[in-house]
Amino acid sequence: MKRPVVGVIANTYRIENRFATQMTGERNLRAVAEVAGALPLMFAGSPDITDIGALLDVVDGVVLTGARANVHPTHFNTEPHERHEPYDIHRDDVALAVSLACVSRGIPLFGICRGLQEMNVAFGGSLHPEIREIPGRMNHRMPRLENGEIHPDPKVVFADRHDVKLTPGGAFAKILGCETIRVNSLHGQGILEPGKRVLIEGVAEDGTIEAIRIAEASSFALGVQWHAEYDPQRNPINRALFEAFGAALVAR
């Protein structure tokens, strides 16, 4: 049987601060290939070379990955600030349009970290640039050494750090077979106000929104704030999500 094809969005990057590049993390590609059972096809997060209609005619699903850059605040009527950089405005343009088009066309859509944030903004929601600055919230950013450098051990960086309570009877609770899970945390920005069709299905112990579903979507349209692409070959939570995404690809 022909394998489904999944479009995996890329990010703007510069090699040696000179060469313009589009790239995505290999973990995302392997999660799609090895767990969802699909062929990953990276597409450019740049609107001048990405025809979204043509793209969605080719793929059976889309993954909006995590990324270093924040969604630009002008997309939710907020002024940008240099301390919340970097931004990737070209990816914004592609990802927001892809989110709406996938849901409209019934194409399975899986948003991870920044991808969840893009889905929320696409449907009219807003973001907070630094969740840890909200009273009562924890620091959701990735672990660092005392000198400020990122911790060198991926097992520490991607370790489970907090619980998420899932909506009883919701899509996530059905997929995962439970109502409380424990996840990693590597983000600064997060959802402030949910979009009009954005249903909250998972909340961290400090109130941060961690899992969403797009209401009335005819296919898989889920987003998670944690990095579900990390070790889904062995992590039971992340594996179940990519398997459910794969099943939606086959169903379509």
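Summary of the structure given here. Remember, predicted model here, so these are calculated numbers, not experimental data.

A separate point is the overall build of the protein. A tally of helices and strands in the protein yields seven helices and 13 strands. Its C-alpha atoms give the protein a radius of gyration of 17 Å, within 12% of the compact-globule value 18 Å for 252 residues. In terms of overall dimensions, the protein has a C-alpha envelope of 50 × 45 × 35 Å along the principal axes. Per-residue burial over the protein gives 52% buried out of 252 residues. Long-range contacts, defined as pairs at least 24 residues apart, comprise 64% of the intrachain contacts of the protein with a sequence gap of at least 6. By element, 51% of the accessible surface of the protein is carried by carbon and sulfur atoms, the whole surface being about 11,800 Å². In the protein, the 26 positive side-chain charges and the 31 negative ones have mean positions that sit 3 Å from each other.

If you trace the nine strands from one edge of the open sheet to the other, you get S4-S1-S5-S6-S13-S12-S11-S8-S9, paired in mixed fashion. Strand pairing shows two members of the sheet lacking a second neighbour, strand S4 (39-43) and strand S9 (180-183), which therefore form its edges. Shown here is a sheet whose adjacent strand axes are inclined to one another by a mean of 25 degrees, direction ignored. Bridge analysis of strand S1 (residues 5-9) against S4 gives five bridges, and the strand direction is parallel. When the bridges of S4 are listed, Val-8 appears paired with Met-42. Seen against the sheet, helix H4 (residues 114-122) touches strand S5 (61-64), strand S6 (109-112), strand S11 (198-204), strand S12 (209-214) and strand S13 (221-224) and runs at an angle of roughly 115 degrees to S6. Contacting S1, S5, S6, S9 and S13, helix H7 (residues 236-251) runs over the sheet at an angle of about 155 degrees to S6.

Once that is clear, we can look at the nonpolar core. Leu-56, Val-62, Leu-64, Cys-102, Leu-109, Ile-212 and Ile-214 are the most contacted members of the largest nonpolar core, which has 32 residues in total. Secondary structure elements with two or more residues in this core: S1, helix H2 (52-58), S5, helix H3 (89-105), H4 and S12. Counting residues in each nonpolar core, the second largest holds 31 residues, with Ala-38, Leu-176, Phe-220 and Leu-241 among its members.

The subject of this paragraph is unusual backbone geometry. A negative phi holds for most residues other than glycine; trans holds for most peptide bonds. Phi is positive for Asn-17, close to 60 degrees, though the residue is something other than glycine. Unlike most non-glycine residues, Cys-113 shows phi in positive territory, near 55 degrees.

Compared with an ideal rise of 1.5 Å per residue, which puts 17 residues at 24 Å, H3 spans 24 Å between its outermost C-alpha atoms and is within 8% of the ideal. Regarding H3, the residues found buried are Arg-91, Asp-92, Val-94, Ala-95, Leu-96, Val-98, Ser-99, Ala-101, Cys-102 and Val-103.

Criteria and cut-off values
Residues take numbers from 1 onward in each chain, read along the sequence in its written order. The model is predicted, so local features are restricted to residues of pLDDT at least 70 and side-chain atom pairs to those at 80 or more, both for listing and for counting; the totals for chains, interfaces and linings are taken over all residues. Excluding hydrogens and water, the side-chain figures rest on all heavy atoms present in the structure. Runs of E in the DSSP output that reach at least two residues are strands. Runs of H or I that reach at least four are helices, and both are numbered from the N terminus. Each radius of gyration is computed over the set of C-alpha atoms, and the globule rule expresses the reference value as 2.2 Å times the number of residues to the power 0.38. Only protein chains enter the area calculation, which uses a 1.4 Å probe; residues under 20% of their type maximum are buried, those over 50% are exposed, and those in between are partly exposed. Contacts between residues were defined by any pair of non-hydrogen atoms, one from each residue, lying within 4.5 Å. Residue exposure ignores everything except the shown protein chains as possible cover, and the areas themselves are Shrake-Rupley values with a 1.4 Å probe. None of His or the chain ends enter the tally, which takes Lys and Arg as positive and Asp and Glu as negative. Where a charge sits is defined by one atom per residue type, namely NZ (Lys), CZ (Arg), CG (Asp) or CD (Glu). A strand pair is defined by DSSP finding two or more bridges across the two strands. Simply put, an axis is a line fit to the C-alpha atoms, just over the touching stretch for a helix, and the angle between two N-to-C directions goes from 0 to 180 degrees. We call a set of buried residues a nonpolar core when its members are Ala, Val, Leu, Ile, Met, Phe, Trp, Tyr or Cys and they connect through side-chain atoms within 4.5 Å of each other. To estimate how far a helix should reach, multiply one less than its number of residues by 1.5 Å.

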